[in-house]
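Survey of secondary and tertiary structure
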Amino acid sequence: MQQLHRPTRRHNLFRCSMLIVIIGLLAAAVTVAPPTEAPAAVAAPNTGSFPDCLGDDDDDTDPQCLPNSDTTDVQAIVLGSFGGPGTITIRTSFLYPACDLFTATTNCYFSVDRPTISGCTYIDGDATDPQDCGSYEDLYKDPPENVGDEFTYESGTATSFSGVVTQLRCSGQYDTLYVFGGDQRTDFVWRERGPKTANCDITIDLPTPDALPGETFLQVRVGGRVCEADSGINCSKSRSVKAYAWLRVFGSEATDKVEPVDPARVFDTRPDEETVDGDGKGNGPLPAGSTTCFKVTGRAGVPANASAVIVNATAIQAASVGFITLFAKGSNRPQTSSLNFAPGGAVGNTAIVQVGTGGEICVYNSTSVGLVLDVTSYVGDTEAVRPLEPSRLVDSRESGETADGVDEAEGRLEAGEELEVQVTGRGGVPTDTVAVAVNATVVSPDDVGFITLYPCDGAAPVTSSLNYNAGQTTGNSGIVGLSDEGTLCVISDEDTDIVLDVTTSFSEDEDFDAFLPARLLDTRAGLQTVDGESAGDGKFEAGDVRKVQVAGRSDVPSDAKAAAVNVTAVRPEGNGFVTLFSCDEARPLASSLNFGARDFAVGNSAVVTLSDDGSLCVYAHEATHITMDVNAAFSGAE
């Protein structure tokens, strides 16, 4: 079978680079630029300057570029690197000459706070302002356990600048070790008369981040309390002091294209169900006409710089016929639908959704409905994959309207009729696009049937993009290759109205292939796949898991790491679901397709990570026949 749009340019956009080691430090009343090399750990001059947050050699006064200290009594010094070899030492350096003035040194003390991460900033090469990268945890695809913005430590030692260890020691989580007198207060570390400067050094070993959004810096805050005289002989008062240091972060950047993740649940309205991290669960059905927003970055392996996520959305026990629309927080709700549903039951669809303000996406629901969302992939910051504001390209209904007035209200698509749709140059789709992600919806078909979407310069394949029942409104999404003229074709098995929305464009790239859809699995007797493999093996029994080879079949490259597929349950025996997953991993708590006992055939699309041998696994919750078609592959996904 001919492969379409074979890439010629060599971008290798999936590769992430490892960065080098630096030291960040600040001095009294000064904030210096996040360094680009590894200087010695020395104090910066007291110039009153601000850090060069933009990397342009100018002093910047952005609010994120805070002075390093509010007093001369404490400094923050960072030794080592975050993400490089070795460990990090965070030094809280106290200066307290007042102690030498007092006769009663038993009341001369200071206390040490736990250092915390007070901010995360990254510099985008094309940006004019530093960007907020959220939490420290967002720098990991899967945050390690016990990682947070407040450090805890195993041990630490206070030393003078000369390196002589004083009697002061910091141990555990800054539990007090008394060295001279005092009233046994638990929140202070006491010292006897000695050096005017003491350093409390804490050494920590942090895992290397694997989802950096760009050139990344953490702001580390240190501090405590120092004594303040109320007479000539005593120090019975104290005041708070704090200081900041910039810590350059090294590791691997998040991918800049489509990256599949282990499917994970990030939203579930049902009261007794779980999500991957406990957030976004159990609030009950969404009220009719409501909009709900929730965070997706920093969860389920989605990094802070993800531009979009691929989700499987499932509507549960809807009160009436309706739809949901998924869109980026901070943008206007588009006049499109991501999922259409009938009352009761469970029906799902896959969507590519732009990530908006604060790493959040929003869902609008036209009627009261329960909702489950599973993340399956994310899209990095790249020109090769462009998430779009959803735009309607086709609406055949008498009242139908499209974004530009083309292909609207032209009447039902007749059985066997081929509809050619111009895609490039419409709805924000660039002219260099070789494939698009679309959401197709059939409205009131005459009978049970299916539609197929494909590039118009190829023959209609023996596959289905969407299966429907008579008289129902049914939707599905998928990635479809375009012809050289930027068109796709639609053919229907029965007369029906059709609506087509575009959500994402893909440009030519060596690691992405869109091709004529090909059938890789069909369990029904007497029906074939593209090469005869995985054909006619009989329906799945409830709880069955079967392995299906994907890489190396039809036009799928042998080194494919992920695939875009359409999976269909045919004549299921009960209510249930199908889960597609990498055979190298345990089956996740997620569904790729939901079906009901009365469905004749129901399908959904998914982007699935392949196993090391190029296969994927299919799990059926209830007995059913299953078909699976592939229409695109990603070879560079890590």
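**Thoughts on the overall build of the chain**
Scanning the chain for helices and strands turns up 0 helices and 35 strands. Here the chain holds 638 residues, and the buried ones make up 56% of them. Here the chain has roughly 25,000 Å² of accessible surface; of this, 46% comes from carbon and sulfur atoms.

**As for the pairing of strand β22 (residues 433–443)**
Summarising burial for β22: 11 of the 11 residues are buried, a large majority. Bridge analysis of β22 against strand β27 (residues 497–507) gives 10 bridges, and the strand direction is antiparallel. Residue Ala-437 lies in a different strand from β27, and its bridge partner there is Thr-504. Bridge count for β22 against strand β25 (residues 473–481) is 9 bridges, and the pairing is antiparallel. The partner of Asn-439 across the bridge, within β25, is Ser-477.

**Thoughts on the confidence of the model for the chain**
Summarising the model, the chain shows a mean pLDDT of 75, and 70% of its residues fall at 70 or more. Here strand β7 (residues 165–171) is the element of the chain with the lowest mean pLDDT, 42, and strand β29 (residues 545–549) is the one with the highest, 97. Overall, residues 102–107 carries pLDDT values under 50, and its contacts beyond four positions in sequence, including any with other chains, amount to 21 contacts. Counting interchain partners and residues more than four positions distant, the pLDDT-below-50 stretch residues 160–195 has 84 contacts.

**Focus on the pattern of salt bridges**
Inspection of the entire model under this criterion finds 21 salt bridges. Here Arg-519 and Asp-629 are joined by a salt bridge, their closest N and O atoms 2.6 Å apart. Of this pair, Arg-519 sits in strand β28 (residues 512–522) while Asp-629 sits in strand β35 (residues 625–634), and the two are 110 residues apart along the sequence. We classify Arg-519 as buried; its relative accessible area is 11%. Among the ionic contacts, a cluster of salt bridges with common partners joins Arg-265, Asp-268, Arg-270 and Asp-374.

**So, the sheet that holds strand β24 (residues 466–468)**
Judged by pairing direction, the sheet is antiparallel, and its 4 strands sit side by side in the order β21-β26-β23-β24 without closing on themselves. Two strands close off the open sheet at either side, each with one partner strand: β21 (418–422) and β24. Strand-to-strand twist of the sheet, defined as the mean angle between neighbouring strand axes without regard to direction, takes the value 20°.

**Topic: the sheet that holds β35**
Read across the open sheet, the 4 strands follow the order β28-β35-β30-β33; overall the sheet is antiparallel. Of all the strands in the sheet, the pair left with one neighbour each is β28 and β33 (601–609). Going across the sheet, the axis of each strand differs from the next one's by a mean of 20°, ignoring polarity. In the sheet, strand β30 (residues 562–570) pairs with β35 via 9 bridges, with the strands oriented antiparallel. Paired with Thr-568 across the strands is Thr-627, a residue of β35.

**Side note on unusual backbone geometry**
A positive phi angle is found at Asp-407, which is not glycine, with a value near 55°. Tracing the backbone shows Asp-407 in the loop between β20 (385–395) and β21.

**Quick word on the state of the cysteines**
Taken as a whole, this structure holds 3 disulfides when the rule is applied. At a sulfur-sulfur separation of 2.0 Å, the disulfide partner of Cys-293 is Cys-362. Torsion about the S-S bond of the Cys-293 and Cys-362 cystine: about 95°, corresponding to right-handed handedness. With a gap of 69 residues between them, Cys-293 in strand β13 (residues 290–295) and Cys-362 in strand β18 (residues 360–365) connect regions that are remote in the sequence. For Cys-362, a relative accessible area of 2% corresponds to the buried category. Here Cys-583 engages in a disulfide with Cys-617; their sulfurs sit 2.1 Å apart. Its S-S torsion of approximately 120° makes the covalent link between Cys-583 and Cys-617 right-handed. Pair noted here: Cys-583 is in the loop between β31 (576–581) and β32 (593–595) and Cys-617 is in strand β34 (residues 615–620), with a separation of 34 residues, a long-range link.

**Remarks on a negative patch on the surface**
Together, Glu-418, Glu-420, Asp-457, Asp-484 and Glu-485 make up a negatively charged patch on the protein surface. Tracing the backbone shows Asp-484 in the loop between β25 and β26 (487–492).

**Some details on the environment of Lys-295**
You can see Lys-295 is positioned in strand β13. Spatially, the C-alpha atom of Lys-295 lies 9.1 Å from that of Gly-356, the residues being 61 residues apart in sequence. Not counting chain neighbours up to four residues away, the residues in contact with Lys-295 comprise Asp-138, Gly-358, Gly-359 and Glu-360.

**As for the environment of Val-578**
Along the polypeptide, Val-578 turns up in strand β31. The class for Val-578 is buried, based on a relative accessible area of 0%. Along the sequence, Val-578 and Tyr-619 sit 41 residues apart, while their C-alpha atoms lie 5.5 Å from each other. Not counting residues up to four positions away in its chain, the partners in contact with Val-578 are Val-567, Ser-591, Ser-592, Leu-593, Phe-595, Val-618, Tyr-619 and Ile-626.

**Quick word on the packing of aromatic side chains**
Enumeration over the complete set of coordinates arrives at 5 aromatic pairs. Relative to Phe-512, the ring of Phe-506 lies with its centre 4.8 Å away and its plane at 15°, an arrangement referred to as stacked. Neither residue differs from the other here; Phe-506 and Phe-512 are each classed as buried. A ring pair is formed by Phe-512 and Phe-634, whose centres lie 5.2 Å apart and whose planes are at 40°; its orientation type is tilted. One end of the pair, Phe-512, is in strand β28; the other, Phe-634, is in strand β35, with 122 residues separating them in the sequence. The burial state of Phe-512 is the same as that of Phe-634; both residues are buried. Three or more aromatic residues link up through ring pairs in this structure, and these residues are Phe-506, Phe-512 and Phe-634. Directly above the ring of Tyr-364 sits Arg-333, whose terminal nitrogen or CZ lies 3.7 Å from the centroid. Above the plane of the ring of Phe-540 lies Arg-546, whose end atom (NZ or CZ) is 4.1 Å from the centre.

What counts and what doesn't
- Residues numbered from 1 in each chain as written.
- Predicted model: local features only at pLDDT ≥ 70, side-chain atom pairs only at ≥ 80, totals over all residues.
- Heavy atoms only, no water.
- Helix = DSSP H or I, 4+ residues; strand = E, 2+ residues; numbered from the N terminus.
- Buried < 20%, exposed > 50% of the residue type's maximum accessible area, 1.4 Å probe, protein only.
- Areas by Shrake-Rupley, 256 points an atom, 1.4 Å probe, with all protein chains shown as cover.
- Pairing = 2+ DSSP bridges.
- pLDDT = per-residue confidence, 0-100.
- Contact = heavy atoms within 4.5 Å.
- Salt bridge = Lys/Arg side-chain N within 4 Å of Asp/Glu carboxyl O.
- Axes fitted to C-alpha atoms, helices over the stretch in contact; angles between N-to-C directions.
- Disulfide = S-S within 2.5 Å.
- Patch = residues over 30% accessible without salt bridge, like charges linked within 9 Å, V, L, I, M, F, W, Y side chains within 5 Å.
- Lys, Arg positive; Asp, Glu negative; His and termini not counted.
- Charge placed at Lys NZ, Arg CZ, Asp CG, Glu CD.
- Phe/Tyr/Trp six-rings, centres within 6.5 Å; stacked < 30°, edge-to-face > 60°.
- Lys NZ or Arg CZ within 6 Å of the ring centre and 35° of its normal.

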